[in-house]
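Each chain, written out:
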Amino acid sequence: SLGECVVGIIGMGNIGRAVARRLSAFGARILGNDPVIPCQEFLQAYKFEMVDKSQLLKESDIVKVNVLYQG
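Below or above, wherever it landed, is the structure these notes cover. In this text, all values refer to a predicted model and were calculated from it rather than measured experimentally. (Residues numbered from 1 in each chain as written. Predicted model: local features only at pLDDT ≥ 70, side-chain atom pairs only at ≥ 80, totals over all residues. Heavy atoms only, no water.)

**Side note on the pattern of salt bridges**
In a structure, side chains of opposite charge can pair up when their charged atoms sit close to one another. For the structure shown, the criterion picks out 2 salt bridges. Across the pair Arg29 and Glu49 runs a salt bridge whose closest N-O atoms are separated by 3.3 Å. With Arg29 in strand S2 (residues 29–33) and Glu49 in strand S3 (residues 48–50), the pair connects residues that are 20 residues apart, well separated along the chain. Looking at Arg29, the relative accessible area reads 36%, which means it is partly exposed. Of the residues examined, Glu49 reaches a relative accessible area of 34% and is grouped as partly exposed. Of the charged contacts in the structure, one is a salt bridge between Arg29 and Glu59, with a shortest N-O distance of 3.1 Å. Taken together, the positions of Arg29 in strand S2 and Glu59 in helix H3 (residues 53–59) put the pair 30 residues apart, joining distant regions of the chain. Assessed through its relative accessible area of 28%, Glu59 is described here as partly exposed. (Salt bridge = Lys/Arg side-chain N within 4 Å of Asp/Glu carboxyl O. Helix = DSSP H or I, 4+ residues; strand = E, 2+ residues; numbered from the N terminus. Buried < 20%, exposed > 50% of the residue type's maximum accessible area, 1.4 Å probe, protein only.)

This is the structure in structure tokens:
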């Protein structure tokens, strides 16, 4: 079940934050990575932890990538 998973989210824009909100309802441990850190209220409300990319990839059971490519 999702409650037993560690989910890593790369890209914490609108979509990444929406995914984190939904995952927190299932009790999943959520790790995030983004150059811009969401506000403390968001991190505390959803029991969310910002980590570097290598830690996120190492610890996550599931990784969701939400990035915009501007080439």
